[in-house]
Amino acid sequence: MQMQCAKQQVLWSFILQVISAVVMMIAILALLFHNQANAQTYYLGVLAPQGESVAQQRWQPWLDTLNTQLSDDIVVLVPLALENWQEQIEAQQFAFVLGPQVQFIKMDTMGWRWLATLQANTQTVNSNEFKMSDVKQADFKTDEQYKLYRQLQNELALAKEAIADKVINQPSAMEQIASVLWVKADSDIEQLRDLKQRKVVAVDPDAFAGYLLVAHLLQQNGVLPSDYETQFVGYPIELTLSTLASGAVDAAIAPLCLMEEMAGQGKIDQSQYRPLNPVATDSNCQSSTKIYPNWTLAATSQAPIALTEQINQYLFAAGAQSSNGSANTDINNIDVTTMHNNAELRWLAPESNSDAERILYEMQQHPAQKQLAVHIVDWIKSHRWWMSIIVFIIVISTINYGWMSWLAWRRRQQILAQNRLIRDYDQQLRQSERFAVIGEMSGAIAHEINQPLATIQNYAQGLLIRSQDNRMDKQTTEKETVENALQQIVNETERAADVISNIRHWAGRSQPNEVSVDIAATYEQCMLLLGEKAVGITFWFASDYQQLRLPSLLLDQLLINSVLNAQQQQATHIMLRCEVKEYRGARWLALHVTDDAGGFNDAQLMKNELKDKPHRYANQQYSPRSTKADGLGLGLMICQRLCKSLDGTMEITNVNARRELATIQAIDSHYQHRLKQSVYNKAHLIQTESSYLLTHELGAQVSFYLPLSLVIR
């Protein structure tokens, strides 16, 4: 029984152990699955001035070591070019950012945490640190063997020292921030001022080490950016030195250590180039400017606090171990890769970028130095609701102002129209008063002059009768001359009486008697009335019609006033042309009286309008003015009123006198004639086709438009 109980206890103990092991395995697996489920992936954006492949080789080993120190999360490296560096970071896709601190100045870093600044190891290894092995001379059989051993040891120590110097001071274009201005060794450029009117190649206008540092240096030495031609070649940064090597430019702006790095890779011969304005550095790299804070690692607002603390602790712990390890390095066990990695892992507290900001301010590149327009736009965006209200008020005010301005303009036009109407009414009133005075004067003249005219007529008729009845023996020629003179006295007194009668009818608004009027005979009579004034004047006449039905002497008054005006303007040719013409959409009988006296002047053409433009008195509410010093201006006014009394109109214009004469001569009509005076002082028509010289090419034309109903067919 005891043996059986012991076997059962052993069996139960084994079963319990198996169960415990299974439970432990399940717990471990659950923990592993839990950690894997909670693991997060974060991205580290790194500036890649030399391209993505170089950035991967530079930072991926360090990041792999960092990921091994993280408990759960993983950080993935993403190289970024400067062209889209700011846009991709501001897209909030990266938890961590690594790059030159000056590049962060232009970004919105609100909520970021600055973790550490990279510190390159530039200390050289002292040759005293390499110790000789503790070997005594007694260990050698001869002195020559001991001397040979010592020589070999010294050579080995020197070789290891050179290797250590090369590793620790190995140049890299991404370890420190500075710029070098390179020229060819045989270039005639010796000073910074020699770069005026030269070509300089740079990386990018926003590249701090690739352009801004040297541009600031040149500006401090009196060489402005406008004094030299800058060519930007972009990334990778090696393009600057390649462009200089090609001879396309005179100088190249390159980041610190780029020349040494490319020379070490066999891409360029450093001995063929020299830097301008050399500045001493702690490394083997040459520089033209001072060295600024190195690359900085920052955590954005996307990075969790716990992960940030882990990375921060690792950076400074690794930096301390790297410092201690480098101080205690045994030359006999030195490893190149280890020393280079230790140099990369030296991190310090974040450094100030005040010097870099000062340079950006002086180069007008700082984001705080916005133009006034940009400030205004930003202010408008930040106060967009108030600006919307203000814009709405301005729009409404503008519309209201436009509406009120239009109303004021329309009202002004109405007032101006009313003022013009008032002036027209005033002119009509004055004209009516003037006509009333003329009516009174004409009535008085008709009353007073009628008696003398009647007496003259009686005496003339008596003399004519007596001369006809006289049987005295006189010469026939003398008798005919006396009779002709007496007949002219009788005719003119009758004509004067008829004119006065017409004036009385017109002033009294009564209808005069209409008679048949011969156009040619009336034109001849007007010539006769001119008397001696017609000497030297050639009269032309062409008409499609012969007889008109008009009030007595109305055509005489129209023609005599027009012909007399032409004679007073020293005309040598006076032309009368009668035709049917389209005028204002209707057919009229047009009587054109034209001369060659030079035309109407501006005052006669009214309101300073251009010459050759017609002026229609029928539509104007004013009376014409005389151009003569002693003239009353009644001639054209009487013609205007006479035309209006017949429902016609009148216009004056300037025409080509030669063209008008050619038109008269071209008319194939029975009445195409030229008027001349006879020896008996009588006018008659003669047919002619001769050409005559005109005094002026430009002539005045008075046109009377009468209804066709006045024509006797």
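Worth saying up front: this structure is predicted, and the values here are computed from it rather than measured.

Teacher, can you tell me more about the overall build of the protein here?
Within the protein, the secondary structure is distributed over 18 helices and 22 strands. Of all 713 residues assigned to the protein, the portion counted as buried reaches 38%. Of the contacts formed within the protein by residues at least 6 apart in sequence, a portion of 78% connects residues at least 24 apart. Just so you have it, the protein exposes about 41,100 Å², and 53% of that area is on carbon and sulfur atoms.

I keep staring at the packing of aromatic side chains and nothing clicks. Help me out?
Geometrically, a pair of aromatic rings is defined through the distance of the ring centres and the angle of the planes. For the structure on display, the rule yields 8 aromatic pairs. When the ring of Trp-62 is compared with that of Trp-347, the centres are 5.5 Å apart and the planes differ by 35°; the resulting orientation is tilted. Of the two residues, Trp-62 is situated in helix 2 (residues 52-69) and Trp-347 in strand 11 (residues 347-348); the sequence distance between them amounts to 285 residues. On the basis of relative accessibility, which here comes to 6%, the residue Trp-62 falls in the buried class. Between Tyr-523 and Phe-539, the ring centres sit 6.1 Å apart and the planes meet at 80°, which makes this aromatic pair edge-to-face. Of this pair, Tyr-523 sits in helix 14 (residues 519-530) while Phe-539 is found in strand 13 (residues 538-543), placing the two residues 16 residues apart along the sequence. Judged on exposure class, the residue Tyr-523 and its partner Phe-539 are both buried. An aromatic cluster is built from Trp-59, Trp-62 and Trp-347, whose rings are joined through pairwise contacts.

Explain the state of the cysteines here, please?
By definition, a disulfide links the sulfur atoms of two cysteines through a covalent bond. Enumeration according to the criterion identifies 1 disulfide in this entry. In this model, Cys-257 is linked to Cys-285 through a disulfide, with the two sulfur atoms separated by 1.9 Å. Classification of the bridge connecting Cys-257 and Cys-285 rests on its S-S torsion, roughly 115°, and on that basis the disulfide is right-handed. Placement of the pair is Cys-257 in the loop between strand 8 (251-255) and helix 7 (258-264) and Cys-285 in the loop between strand 9 (273-276) and strand 10 (295-299), with a sequence separation of 28 residues. A residue is classified by how much of its surface remains accessible, and Cys-257, at 3% relative accessible area, is buried. No disulfide involves Cys-639; its sulfur sits 6.8 Å from the nearest other cysteine sulfur, which is in Cys-643.

How do you make sense of the packing of helix 5 (residues 208-220) against helix 10 (residues 354-362) when you look at a structure like this?
To describe two helices that pack against each other, one gives the angle between their axes and the distance between the axes. Direction vectors running N to C along helix 5 and helix 10 enclose 65°, while the axes themselves pass 10 Å from each other. Of the possible angle classes, the one that applies to helix 5 and helix 10 is roughly perpendicular. The two elements helix 5 and helix 10 cross, and the hand of that crossing is left-handed. Only Ala-356, Arg-358, Ile-359, Leu-360 and Glu-362 of helix 10 make contact with helix 5, whose side of the interface consists of Phe-208, Leu-212, Leu-213, His-216, Gln-219 and Gln-220. Split by residue class, the contact of helix 5 with helix 10 holds 6 nonpolar, 3 polar and 2 charged.

Help me understand the nonpolar core, please; the structure alone is not making it clear to me.
One recurring pattern in soluble globular proteins: nonpolar side chains tend to sit buried together. Residues Leu-44, Trp-62, Phe-96, Leu-181, Phe-208, Leu-297 and Ile-311 are the most contacted members of the largest nonpolar core, which totals 88 residues. A per-element tally of this core places helix 5 first, with 9 residues. Formed by 42 residues, the second largest nonpolar core is a distinct cluster that contains Met-527, Leu-548, Ala-566 and Leu-706.

So what exactly am I meant to see when it comes to the sheet that holds strand 14 (residues 547-551) here?
Working definition: the strands of a sheet are paired by backbone hydrogen bonds and lie parallel or antiparallel to each other. Reading across the sheet, the 3 strands line up as 12-14-22 and stay open at both edges, with antiparallel pairing between neighbours. For this open sheet the edge positions go to strand 12 (514-518) and strand 22 (711-712), each flanked by a neighbour on one side alone. Set on the sheet, helix 14 makes contact with strand 12 and strand 14; between it and strand 12 the angle comes to about 80°.

Any chance you could explain the sheet that holds strand 8 here in plain terms?
Spatial ordering of the open sheet is given by 7-6-8-5-9, a layout of 5 strands whose pairing is mixed. In this open sheet, the two edge strands, each paired with only one partner strand, are strand 7 (229-232) and strand 9. Each strand of the sheet is rotated relative to its neighbour by a mean of 30°, with strand direction disregarded. Summarising the sheet, strand 6 (residues 199-202) and strand 7 pair through 4 bridges and their orientation is parallel. Counterpart to Ala-202 in the pairing with strand 7 is Phe-232. Across the sheet, helix 5 is in contact with strand 5 (179-184), strand 6, strand 7 and strand 8; its angle to strand 5 comes to roughly 80°. Relative to strand 8, helix 6 (residues 238-246) is tilted by about 160°, and along the sheet it contacts strand 5, strand 6, strand 8 and strand 9.

So what exactly am I meant to see when it comes to the environment of Met-363 here?
By the element assignment, Met-363 lies in the loop between helix 10 and helix 11 (372-382). What makes Met-363 buried here is its relative accessible area of 10%. The spatial distance from the C-alpha of Met-363 to the C-alpha of Pro-225 is 10.0 Å, given a sequence separation of 138 residues. If we skip the residues at most four places from it in the chain, Met-363 touches Leu-212, Ala-215, His-216 and Gln-219.

Please clarify how helix 3 (residues 82-90) should be interpreted in this entry.
Each full turn of the α-helix corresponds to 3.6 residues, which orients residues three or four apart in the same direction. The complete set of buried residues in helix 3 reads Leu-82, Trp-85 and Ile-89. Down the axis of helix 3, the buried side of the element spans an arc of 15°, and every buried residue falls inside it. Lining the buried residues of helix 3 we find strand 1 (41-47), strand 2 (74-80) and strand 3 (96-100).

Rules and cut-offs
- Residues numbered from 1 in each chain as written.
- Predicted model: local features only at pLDDT ≥ 70, side-chain atom pairs only at ≥ 80, totals over all residues.
- Heavy atoms only, no water.
- Helix = DSSP H or I, 4+ residues; strand = E, 2+ residues; numbered from the N terminus.
- Buried < 20%, exposed > 50% of the residue type's maximum accessible area, 1.4 Å probe, protein only.
- Contact = heavy atoms within 4.5 Å.
- Areas by Shrake-Rupley, 256 points an atom, 1.4 Å probe, with all protein chains shown as cover.
- Phe/Tyr/Trp six-rings, centres within 6.5 Å; stacked < 30°, edge-to-face > 60°.
- Disulfide = S-S within 2.5 Å.
- Axes fitted to C-alpha atoms, helices over the stretch in contact; angles between N-to-C directions.
- Parallel < 35°, antiparallel > 145°, perpendicular 65-115°, else oblique.
- Left-handed = near helix turned anticlockwise from the far one by under 90°.
- Nonpolar A, V, L, I, M, F, W, Y, C, P; charged D, E, K, R; others polar.
- Core = buried A, V, L, I, M, F, W, Y, C linked by side-chain atoms within 4.5 Å.
- Pairing = 2+ DSSP bridges.
- Arc of directions from axis to C-beta.

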